[in-house]
Structure formats: C-alpha cells, structure tokens
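Chain residues, written in single-letter form:
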Amino acid sequence: MSSQLQPARGTRDLIGEEFRRHHAVAEAARRISALYGFEEWATPIFEDTRVFARGLGDTSDVVSKEMYSFTDRGGESLTLRPEMTAGVCRALVSNGLTQSNLPRKVFYAGPMFRYERPQKGRYRQFHQIGIEVLGAAEPLADAEVIACGWHIQQELGIAEGTLLEINTLGDAPSRDAYRAALIAYFTAHRDALSHDSRLRLEKNPLRILDSKDETDRAIVAGAPLIGDHLTAEAAAFYGAVKQHLTRFGVPFRENPRIVRGLDYYSHTAFEFVTDRLGAQGTVMAGGRYNGLVEEMGGPPTPSVGWAAGIERLAMLLAESPAAPRPVAVIPVGDEAEGPALDLLQALRAAGVVAEIAYRGNLKRRMERANRINARAAVILGETEIAAGVAQLRDLDAGTQESVALADIPARLQ
Ligand code: ATP
Ligand code: MG
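Residues numbered from 1 in each chain as written. Chains lettered and ligands numbered in written order. Predicted model: local features only at pLDDT ≥ 70, side-chain atom pairs only at ≥ 80, totals over all residues. Heavy atoms only, no water.

Undergrad: I'd like a rundown of the packing of aromatic side chains, residues and numbers included.
TA: Taken as a whole and judged by the stated rule, the model has three aromatic pairs. Arranged with centres 5.9 Å apart and planes meeting at 80°, the rings of Tyr 265 and Tyr 289 form a pair that is edge-to-face. Pair noted here: Tyr 265 is in the loop between strand 8 (253-254) and strand 9 (266-273) and Tyr 289 is in strand 10 (residues 282-289), with a separation of 24 residues, a long-range link. In this arrangement the basic side chain of Arg 12 is found over the ring face of Tyr 123, its NZ or CZ atom lying 4.6 Å from the centre. Cation over ring: Lys 105 sits above Phe 38, and NZ or CZ is 5.1 Å from the ring centre. (Phe/Tyr/Trp six-rings, centres within 6.5 Å; stacked < 30°, edge-to-face > 60°. Helix = DSSP H or I, 4+ residues; strand = E, 2+ residues; numbered from the N terminus. Lys NZ or Arg CZ within 6 Å of the ring centre and 35° of its normal.)

See the structure below:
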C-alpha cells in the first residue's frame, strides 16, 4: 500500500494507557450509579433520524449541523447517535415501559458521533456516560441525579477540580415571559449580534445566551435574567433543588447564563466545569426535560439526567490506572510443559493474572517475563516436577524459593 491508512479525522484508537483511563471512568460511573439504583441500558448506535431531529423546532447545533446522517441501502434516513437521551426516551416508548415501574433510572455508556471540528477534548467519535431518571417530576430527582454525578467525580478523584454551576430555565409560563423579554432586548441590539445569533433570535432567543462569539457575549452580559421572570411554582422548584443539593453536601454556584445545548429542557440546567481543559471545559452537563418522551409518542413523562464526556473526565485523572502485573509460568524442558499448563490454568482459576510464553528457553522466557512487567515467575524444571514443587521467583525482590505446586495459586492470590 502506498500510503498508510489512518483513523478517520476526529476519531482515535484507544490502546494501552488511554484505554485503561477510559475504562476506569466508565467502570467508576457504572459502580456508583448502581449504588443509586440506576440500571444500565444499551440502545442502538444508529437510529431513525427522526429520533434526533423532531420537526423543525430544534435549533441546537447538534441537530442543525453536527449529525452524522445517511440514507441506507433500503432508503431509510438513519443517524449515528449524537447523544443518548433521545434514544433512551425512544426505547422507553418502544418497549412499552411508559406506564409501569416509574420512575425508571437508567445508566448508559458508549460512543456518540458529532461532525465537529476536532481539537483537544473534542472529537467526532467520542464517548459518554450518563444517567436519566424517567417519570419523576420531583425536585429531589434533579438533586439526586446531580449528587450521583458528583459522587462519580469524587470516586475518580477529580471532584476538587470541577465546579457545579446550576440554573433554572423555569416552567413554560416562565419561559414564555423570559423569551419575550429576551426578544425585546436582543432586537434592540440586533445589528451588533453575530449572524448565527440573529438567526437564533428568530428561532430560539435563549440559545443566544450560549453563544461563544465575543461580541455576542458582551451583549449577553446585559441581557435580562430568567430569575426575574419565574412563576412562583418554578421558583419554588428551583429552591427545593438547591436545598436538596445542600443536604447531599454537593457544592454549587448559581450561573444564570447556563442554557442547555439541546432544546427540550426546562427547570434545572447544570454543568460541571473545569479550567483545566481549555475551551473544552464542560465535563458533565444535564438538566430536566419534561417533553421529550411525549415527542417520541409516549405519555407526559417528566425526566431529568446528565451526560459526561469520558475523554474529558479521563484527561482529568491524576494518575493512569496501572496495567495488571501477570505471573509468568516458565517450563524448562519438554517434559515440564504439561504440568506448566496445568499450573497456568490453576492460577487463572484462582483469579491470578498468568501468562506463558509460547516458546523459548529459560533465558528467553525470563526476558519475556520482564518485558510484560511480570511480578513473579514460576519456574518448573523436570526435577522440581518430580518433587511436586516449583521455583517461585519474586521479580521485584529478586528472591526465589521452592514452593509445593498445590500451594502456588494461594501464594500468588
Ligand atoms: P460543548 O459545549 O463542549 O460542545 P455540548 O453542550 O455540545 O458541549 P452535551 O451535548 O451537553 O455537550 O454533551 C455532554 C458532554 O459530552 C459534554 O459536556 C462533553 O463533556 C461531552 N462532549 C460533547 N461533545 C463532545 C465531543 N465532540 N468530543 C468529546 N466530548 C464531547
Ligand atoms: Mg457541542
């Protein structure tokens, strides 16, 4: 081949340390979310495009410009999932789960796909962990979801370096009042807004608050605040979320500028941010979405959840998880191979990571043991086997002793 094939732009291979970091994040999230009663679901990686693009109402970047959509050989429009919430809601409805056992508490982990400009912490195939509570209208659900996310970050040892920012988007009447106030304000500044934000002004003025454009941001700084337009109910809901968070011991800061990237949110919106990843500082983000299950054809099902980028969390880990250190089983002479294989499997059955080189003399096999960073070598020669023992060598201490074959697995556990 003339030129070597590379991974597609914005995608990465996860090998060695990178894989272990990634795996550690997903496993910690799996473990902690299980403690909170979340059950893991896996939904398809591609879905009918309509699962993500519902009508013309969605003005988010994800839906309007980042989706990997294609027509398959049967003429169906399919999309590689850019996020998981829509798929989980679709699955709730498709599987007839909208009436029984609510609330459902779902955990997921897996790859997502967005056509974005690749940079540090931003990829075209990336991975998310996330949780959703489906069918709970109570503010305690919002607080528990956030507390679980914080607990996962504590488990990963990164909670000190992130900050929880929360906001409320209010209920429908609050949003309508706020929307009107925003339209009045931004219309007065229309000519100074970026092209994108002028379009947002028509479709969804709230999204201007999320603009990354410098001049937009200056205008946004003077924009009206949702807090001044909340109904009494919406204000009470937000107050209860904050009270529960305090009870759970989760520190937070209120940030009235937080809106979510997708359009179906109401009430609670939050982000865990860090200053350690440059522009890609949001590690975990979520909120309440009360209309999404209905949009999938289900009954009203108030829900709340978050998603977090595994790559960004993995970058924050202070230490790389160590690779397991195996025990090297080393037969010397042809007669020793059979008993060595028996011992190899006895070690594995006892939960000890064990390896055998497929060939080579004692010297070669010892070299291999060092290369794979083995912690111990078990050397079986013909005289040892006749005596029912093996030489157990501690490769860190350099010590060696003769141990009965039957005792070796327990010794190495
Ligand atoms: P951003 O503002 O960084 O584009 P977003 O609002 O598009 O984020 P969400 O849709 O809320 O992100 O996704 C939740 C989390 O998933 C983000 O906080 C981030 O950690 C991660 N994430 C989103 N897009 C990417 C990507 N392209 N590459 C890596 N991680 C991503
Ligand atoms: Mg984005």
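Still to come is the rest of the account.
Undergrad: Got a sec to walk through the domain arrangement of the protein? Specific residues and values, please.
TA: Once the domains are mapped, the protein shows domain 1 (17-171 + 231-316) and domain 2 (327-412). When each unit is reduced to the centre of its C-alpha atoms, the spacing between domain 1 and domain 2 is 48 Å. (Domains from an automatic or database assignment.)

Undergrad: Any details on helix 5 (residues 172-188)? Residues and values, ideally.
TA: A rise of 1.5 Å per residue sets the reference length of helix 5, with its 17 residues, at 24 Å; its end C-alpha atoms lie 24 Å apart and thus fit the reference within 8%. Considered for burial, the residues of helix 5 that qualify are Ser 174, Tyr 178, Ala 181, Leu 182, Tyr 185 and Phe 186. Along the axis of helix 5, the buried positions cluster into a sector of 125°, meaning they face one direction only. For helix 5, the exposed residues lying more than 90 degrees away from the buried face are Ala 172, Asp 176 and Ala 184. Buried positions along helix 5 lie against helix 6 (195-203), helix 7 (214-221) and helix 8 (232-247). (Expected span 1.5 Å × (residues − 1). Buried < 20%, exposed > 50% of the residue type's maximum accessible area, 1.4 Å probe, protein only. Arc of directions from axis to C-beta. Contact = heavy atoms within 4.5 Å.)

Undergrad: Outline the sheet that holds strand 15 (residues 389-394), listing residues and values.
TA: The mixed open sheet is built from five strands, whose spatial order is 13-12-14-15-16. Unpaired on one side and paired on the other, strand 13 (354-356) and strand 16 (400-404) mark the two borders of the sheet. For this sheet the average axis-to-axis angle between neighbouring strands, irrespective of direction, equals 30°. Where strand 12 (residues 327-331) and strand 13 come together, three bridges link them in parallel fashion. Across the sheet, Ala 328 pairs through a bridge with Glu 355, a residue of strand 13. Contacting strand 12, strand 13 and strand 14 (376-380), helix 11 (residues 337-349) crosses the sheet at an angle of about 160° to strand 13. (Pairing = 2+ DSSP bridges. Axes fitted to C-alpha atoms, helices over the stretch in contact; angles between N-to-C directions.)

Undergrad: An account of the nonpolar core is needed here, citing residue identities and associated values.
TA: Judged by nonpolar contacts, the single largest core of 43 residues is most densely connected at Ile 129 and Trp 306. Ranked by the residues each element gives to this core, the list is headed by helix 4 (residues 139-155), at eight residues. The residues contacting Trp 306, other than those within four sequence positions of it, are Tyr 108, Ile 129, Gly 130, Ile 131, Glu 132, Val 145, Gly 149, Ile 152, Phe 270, Met 284, Ala 285 and Gly 286. In this structure, Cys 89, Tyr 185, Ile 258 and Ala 269 belong to the second largest nonpolar core, which totals 41 residues. (Core = buried A, V, L, I, M, F, W, Y, C linked by side-chain atoms within 4.5 Å.)

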